[in-house]
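The lines below spell out each chain.
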Amino acid sequence: MLRVENTTSGHHRRDGENYLLTPEEIAQYHEQGYIVINDVLTEEELQVIDPWFDHFVSGAEADQMGRDFCDMSQPYGTPMEEFQLVNAMLPSHYRPEIADNIYHRISQNIANQLYQAGDCAMDYEQFLAKKPNKEAAEFAMHQDLGYWPKTKNTWTATFSLALTNSDLINGCLHLIPGTNKEDQLRKHVPKSYNNGDGSRDDSHTLVIETHPDEQIIYLPVRRGSMTIHDERIVHGSGGNQSDTWRKTYIIAYRDVETIAEERALGFTHSHNDEVNWSEIIH
Ligand SMILES: O=C(O)CCC(=O)C(=O)O
């Protein structure tokens, strides 16, 4: 089933650097684990972000990034020329000039509306780009919480701002509604390559099992629009079968105490973190 875009959201919801969510959107986020909101950033604002995104995705900062510049669909060590699903973690850590950009400020405003229980802040950010005609540039199905250490409070809102239109052909986000309400997190295992046993040292990517009868919903969005999903919803995205790039800018918000708890465990969301997964994973 193809989800029809929400027709009531749009630029008229913007008031300066605020974007007003409706009570229905806030309820949908809490009940179904995701929302889509349209036309959040203007074309002018996007054009300030574009050059930074392309700078990172071109590999211009690769020398200082280590594993934070990688391919999410292939093992660490894949040569840059062979990347399909390019991932640049923590861009404003590597280039502080990007910090406090307009997307940071608007997404913080929206996160504050979603998280009425306390204080939330940006935990991490990430540039993701699928090269044209790369059918294997897939994001394996997962729950975000499966990637992270155990914390007392798991609340998370992950924003994905479309820098290009995204659709079924170029591999937009897809998810399984209702999975955010499952009692247990599904078992995540490291993606395995060349028929070997997967290890988190080989690749960052974790995968879970899904069932053939589970209904997947696709979330196509226009440039400047965004999806927001929670930490438990089962989601992923397909390969890029189009002649153009799919580009998306991810920012995740979590409770400020959760962020402090993660940092105390040595976890910053950098792929260069030295974390003993067997001790801290779910
Ligand atoms: O947008 C995508 O392709 C997937 C991103 C994703 O899985 C995530 O942000 O957790």
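Fair warning: this is a prediction, and the values are worked out from it, not measured in the lab. (Residues numbered from 1 in each chain as written. Predicted model: local features only at pLDDT ≥ 70, side-chain atom pairs only at ≥ 80, totals over all residues. Heavy atoms only, no water.)

Visitor: How do you make sense of the pairing of strand S13 (residues 226–229) when you look at a structure like this?
Guide: One face of the sheet, then the other: side chains in a regular strand alternate in exactly this way. With burial as the criterion, each face of S13 is covered, one bearing Met-226 and Ile-228 and the other bearing Thr-227 and His-229. Both strand S3 (residues 34–37) and S13 contribute to a ladder of four bridges, which runs antiparallel. Of the residues in S13, the one forming a bridge with Tyr-34 is His-229. Summarising the sheet, strand S8 (residues 156–162) and S13 pair through four bridges and their orientation is antiparallel. Directly across from Ser-160, in S13, lies its bridge partner Thr-227. (Buried < 20%, exposed > 50% of the residue type's maximum accessible area, 1.4 Å probe, protein only. Helix = DSSP H or I, 4+ residues; strand = E, 2+ residues; numbered from the N terminus. Pairing = 2+ DSSP bridges.)

Visitor: Is there a simple way to explain the site of the ligand in this structure?
Guide: Near the ligand, the surroundings consist of Leu-128, Lys-130, Phe-139, His-142, Asp-144, Leu-173, His-229, His-235, Ser-237, Arg-246 and Ile-250. Take His-235: an N or O atom from its side chain is 2.9 Å from an oxygen atom of the ligand. Separating an oxygen atom of the ligand from a side-chain N or O atom of Ser-237 is a distance of 2.6 Å. Protein chains shield 96% of the accessible area of the ligand, which is 290 Å² for the free molecule. Among the secondary structure elements, those contributing two or more residues to the shell around the ligand are strand S6 (120–130), strand S7 (139–142), strand S14 (234–237) and strand S15 (246–255). (Near = heavy atom within 4 Å. Polar contact = N/O pair within 3.5 Å; in protein donor to acceptor, adjacent residues only side chain to side chain. Areas by Shrake-Rupley, 256 points an atom, 1.4 Å probe, with all protein chains shown as cover.)

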